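Commentary on secondary and tertiary structure
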Amino acid sequence: AVPSRSRAHVVTDRHSAAMTTVKRNTELKKVKFGTTDMTVTQVCAGTMTWGSYNADETQAHAQLDKLWTLGVNFIDTAELYPVAWNYGALTERWIGNWLTKRIADGSVERSKLYIATKVNPGGVGNEHPTRAKQVHGYDEEIVEWSCRKSIERMNCGYIDLYQIHWPSRDTPLMSTPTFRPADENGKIKNRPMGWHDRGGQEDFDRTIKSIMKLFELGLIRHWGVSNENAFGITMLCQTAIRLGCPLPVSCQNDFSILNQTYEEDTWEAAYRFGIVGLPYGALSGGTLTGKYFDKSHPQYIAKDEAERPLDKCRHRVSSGFQPRYGCSQAMAATRECVELAERWGITPTELAIAWSIARPCNANGSVIIGTTTVRQVEECVGAALLELPDELMKEVDVIHEKYRNPCMYYAEKEIWKSLPGLPPPASEPEPEREQ
């Protein structure tokens, strides 16, 4: 059995300067999650690498045990997970095995654990007998099927937060905020996955009616969006109001020191409708930990040398997966973040996560953390104990003004990739895939 939880005290790396320059609390703060009745920790357990980068189920269970004992009561997953390879269903199944075991031994009470998952319009991981891996527009049949399968795999009874993983309409995703609709041949310049519709009113009606059915069936408690923009949030909310559906409560977009595009018009749309942030990517796929500066700052990869040496880390194992996090400008900005963290006596990981938590767009929300080892869990959860002073936050702003959203390109991808900076984490890039 997992050790019982008492006070959420976290032991992390301590630096002599940290205790005098950055306040470090002793207990995790919990917040009322937006407009919901959920009281969650300011960090949420991310799970997308469990089943790929973590090849052994026991590794995922060990991380879940540690998260729970440290006080984390919020888990995010998806029918799509794991990512990079072995796509679909497996991560939820591993979570379900852990949850079943821990409820049985009395370590975990289901009502005190909040579970978020997602349905995707690519049909990946839905395990439907005839519609698996088929692009769809969130119609009632497939959304109900996907939701029921997630509940079945996790053996969790209901979903606390059910999210639309990305838009089904012809809008760009992932590496760029620049809109380009599909051309006459159905091609979209800035979208790595397929699309289903043109984002007409009937398409938003269809999505909202599917969500309403889940509420009517008692399968979900709340719902949210992910990888959305201001148009999508506004149309979904206005449609929900017209049809009498509860509003989405959260938006899970890519957000970090290296990608602050969410704080542009997307956050205003979310803010006006009472939607809180549940961002992913706070560490930019591990780049912001500093571990890829193994020559100039070897201490960061040394922490995980036994369990997770550099040749097993994401950007070395599969450099073609989400390469935006390791582009030359992102690496240059990261080096300055690493040096800034060291000047303040904290780790780069602590800086990146604590900064994300402190941003106004994530007030009363939660920041997703991604880990592959128990030690990483301890450091990432420990980052939530920090209260960064205004002076440090402003120093991050300086880096942002110098390298404006370096993980994103605005016009031409090839120009962006050729910009001067630092070498990418991997010396032999693979073909790119952002999903």
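Heads up: the structure comes first, above all this text.
Along each chain, the written sequence defines residue order, and numbers are assigned to residues from 1. Confidence filtering applies because this is a predicted model: local features only for residues at pLDDT of at least 70, side-chain atom pairs given and counted only at 80 or more, and all residues used for totals across whole chains, interfaces and linings. Side-chain calculation: all heavy atoms of the structure are included, whereas hydrogens and water are not.

**Concerning the nonpolar core**
Throughout, nonpolar core names a set of buried Ala, Val, Leu, Ile, Met, Phe, Trp, Tyr and Cys residues whose side chains join them through atoms within 4.5 Å. A simple rule labels every residue: compare its accessible area, found with a 1.4 Å probe on the protein chains alone, to the largest value its type can have, and call it buried under 20%, exposed over 50%, or partly exposed in between. In this structure, Phe74 and Leu388 are the most contacted members of the largest nonpolar core, which totals 129 residues. Helix and strand definitions here come from DSSP, where helices need a minimum of 4 consecutive H or I residues and strands a minimum of 2 consecutive E residues; each element is numbered from the N-terminal end. With eight residues, helix H10 (residues 328–343) is the largest single contributor of residues to this core. Discounting residues that sit within four places of it in the chain, leucine 388 has contacts with Val22, Ile346, Leu351, Ala354, Trp355 and Met393. The contact criterion used throughout is that any non-hydrogen atoms of two residues lie within 4.5 Å.

**Looking at the packing of helix H2 (residues 57–69) against helix H3 (residues 90–104)**
H3 packs onto H2 with a crossing angle of 55° between their chain directions and a minimal axis gap of 10 Å. Judged by the inter-axis angle, H2 sits oblique to H3. In this structure, the crossing between H2 and H3 has a hand that is right-handed. For the pair H2 and H3, the contacting residues are Glu57, Ala60, His61, Leu64, Asp65 and Trp68 in the first and Trp94, Asn97, Trp98, Lys101 and Arg102 in the second. Among the residues forming the contact of H2 with H3, the class breakdown is five nonpolar, two polar and four charged. Angles here are taken between N-to-C directions and fall from 0 to 180 degrees, while the axes themselves are lines fitted to C-alpha atoms, restricted in helices to the stretch in contact. Oblique is the label for any angle not covered by the other classes, which are roughly parallel (under 35 degrees), roughly antiparallel (over 145) and roughly perpendicular (65 to 115). Two helices cross in a left-handed way if the nearer one is turned anticlockwise from the farther one by less than a right angle. They cross in a right-handed way if the turn is clockwise. Polarity classes work like this: nonpolar for Ala, Val, Leu, Ile, Met, Phe, Trp, Tyr, Cys and Pro, charged for Asp, Glu, Lys and Arg, and polar for all others, with Gly in that last group.

**Regarding H3**
Because each turn of an α-helix spans 3.6 residues, side chains separated by three or four positions in sequence point in the same direction. Along its 15 residues, H3 runs 21 Å from first to last C-alpha, staying within 8% of the 21 Å computed at 1.5 Å per residue. Here H3 has its buried residues at Thr91, Glu92, Trp94, Ile95, Gly96, Trp98, Leu99 and Arg102. Looking at the buried positions of H3, the neighbouring elements they touch are H2, strand E5 (74–76), strand E6 (114–119) and helix H4 (140–154). Backbone geometry just after H3 places glycine 106 at a positive phi near 85°. In this scheme, a helix's expected span is set at 1.5 Å multiplied by one less than its residue total.

**A look at the pattern of salt bridges**
A pairing counts as a salt bridge when a side-chain nitrogen of Lys or Arg comes within 4 Å of a carboxyl oxygen of Asp or Glu. In total, this model carries 35 salt bridges according to the counting rule given. Ionic pairing is found between lysine 213 and glutamate 144, a salt bridge with its closest N-O pair at 2.8 Å. One end of the pair, lysine 213, is in helix H5 (residues 201–216); the other, glutamate 144, is in helix H4, with 69 residues separating them in the sequence. The exposure class assigned to glutamate 144 is buried, which follows from its relative accessible area of 16%. Of the charged contacts in the structure, one is a salt bridge between lysine 303 and glutamate 379, with a shortest N-O distance of 3.0 Å. Here the residue lysine 303 occupies a position in the loop between helix H8 (299–302) and helix H9 (314–317), and glutamate 379 occupies one in helix H12 (residues 374–383), the gap between them amounting to 76 residues. One salt-bridge network, held together by shared partners, links Glu92, Arg93, Glu127 and Arg153.

**Focus on the pairing of strand E4 (residues 43–46)**
Where burial is concerned, the two faces of E4 agree: the one with Val43 and Ala45 and the one with Cys44 and Gly46 are both buried. By the bridge criterion, three bridges tie E4 to strand E11 (residues 367–369) in an arrangement that is parallel. Bridging from a neighbouring strand, cysteine 44 pairs with isoleucine 368 of E11. Across two bridges, the pairing between E4 and E5 is parallel. When the sheet's bridge partners are listed, alanine 45 is paired in E5 with isoleucine 75. For the crossover that starts at E4, traverses H2 and ends in the parallel E5, the hand is right-handed. By definition, two strands form a pair when at least two bridges between them are found by DSSP. When the strands point away from the viewer, a crossover counts as right-handed if the path from the first strand over the helix to the second runs clockwise.

**Things to note about the state of the cysteines**
Two cysteine sulfurs form what is called a disulfide whenever their separation falls within 2.5 Å. All chains considered together, the criterion is met by zero disulfides. Here cysteine 237 is not cross-linked by a disulfide; its sulfur's nearest cysteine counterpart is in cysteine 245, at 9.7 Å. Here cysteine 337 is not cross-linked by a disulfide; its sulfur's nearest cysteine counterpart is in cysteine 407, at 10 Å.

**Notes on the packing of H4 against H5**
Remark: H4 packs on H5, axes separated minimally by 9 Å, with the N-to-C direction vectors making an angle of 40°. The pairing of H4 with H5 is recorded here as oblique in orientation. As H4 runs across H5, the sense of the crossing is right-handed. Counted together, Glu140, Val143, Glu144 and Cys147 of H4 and Lys209, Ser210, Lys213 and Leu214 of H5 form the full contact between these two elements. Tallied by class, residues from the contact of H4 with H5 come to three nonpolar, one polar and four charged.

**Side note on unusual backbone geometry**
Cis geometry marks the peptide bond from tyrosine 81 to proline 82, where omega comes out at 10°. With respect to the secondary-structure elements, proline 82 resides in the loop between E5 and H3. Backbone geometry places alanine 84, a non-glycine residue, at a positive phi of 80°. With respect to the helices and strands, alanine 84 occurs in the loop between E5 and H3. Its identity as a non-glycine residue notwithstanding, alanine 89 has a phi of 75°, on the positive side.

**A short note on the packing of aromatic side chains**
One pair of aromatic rings is described through two measures. These are the centre distance and the angle between the planes. For Phe, Tyr and Trp, rings pair up if their centres lie within 6.5 Å, where Trp contributes its six-membered ring, and each pair is then called stacked (planes under 30 degrees apart), edge-to-face (over 60) or tilted (otherwise). Inspection of every chain in the model, using the stated rule, returns seven aromatic pairs. When the centroid spacing of 5.7 Å and the interplanar angle of 75° are considered together, the rings of phenylalanine 204 and phenylalanine 231 count as edge-to-face. Of this pair, phenylalanine 204 sits in helix H5 while phenylalanine 231 sits in helix H6 (residues 230–243); the two residues are 27 residues apart in sequence, bridging distant segments of the chain. The class for phenylalanine 204 is buried, based on a relative accessible area of 5%. Residue phenylalanine 231 is classed as partly exposed on the basis of its relative accessible area, which comes to 43%.

Honestly, it's all geometry; don't read function into it.
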